[in-house]
Amino acid sequence: MKILSSFLLAAAMLFTVSAANAQDIAKAKAKGAAEQVQFKTSAVCDMCKARLEKSMAYEKGVQAANLDVKSKLLTVTYRPDKTTPEALLTAVQRTGYDADGQTADARAYDRLPDCCKKTNNTHTDSAH
């Protein structure tokens, strides 16, 4: 009887260790999985595109950033274990651009070239 209970206890411990190890592996894989988030911005030209994409490249956890100038949609690929969509939205605002209806940082906006400001109605891409 003692042998049987010892065997069952050992089997239960082995199962518990295996299940915990499987969960750790799943968590590690999930940490490395990239996610995407999109922001509607106030960017208007190719200079804005370059500025935003470069700025996002310096953010922790960002793997890629691409602004579609025509739609003003910024797509950011990031690692969720390193950053959050809220932090990325704040980074867009700190660069001087509105993001998803939230106003840009005023000081950063003032530093933008005149042609990149949303109030410039005479903007054309040929000005760059």
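In this report, the structure presented in the accompanying data block is examined. For every chain, the first residue of its written sequence is number 1, and the numbers climb from 1 along that sequence. Side-chain atom pairs in this predicted model are given and counted only at pLDDT of 80 or more, local residue features only at pLDDT of at least 70, and totals for whole chains, interfaces and linings cover all residues. As a rule here, side-chain values cover all heavy atoms of the structure and leave hydrogens and water aside.

**Brief notes about the sheet that holds strand S2 (residues 62–68)**
Part 1 of the argument: For two strands to pair, DSSP has to find at least two bridges joining them. Helix and strand definitions follow DSSP, with helices as H or I runs of at least four residues and strands as E runs of at least two, each counted in order from the N terminus. In spatial order, the strands read S1-S3-S2; together these three strands make up an open sheet with antiparallel pairing. Each edge of the sheet is formed by a strand with only one pairing partner; in this case those strands are strand S1 (35–40) and S2. Mean inter-strand twist for the sheet, computed between neighbouring axes without regard to direction, equals 15°.
Part 2 of the argument: Judged from the six bridges that link them, S1 and strand S3 (residues 73–78) form a sheet pairing that is antiparallel. Bridged to Glu-35 within S3 is Tyr-78.
Part 3 of the argument: Two residues qualify as a contact provided that any one of their heavy atoms is within 4.5 Å of a heavy atom in the partner residue. Only the contacting stretch of a helix is used when fitting its axis, a line to C-alpha atoms as for every element, and angles between N-to-C directions run 0 to 180 degrees. Set on the sheet, helix H2 (residues 46–57) makes contact with S2 and S3; between it and S2 the angle comes to about 165°.

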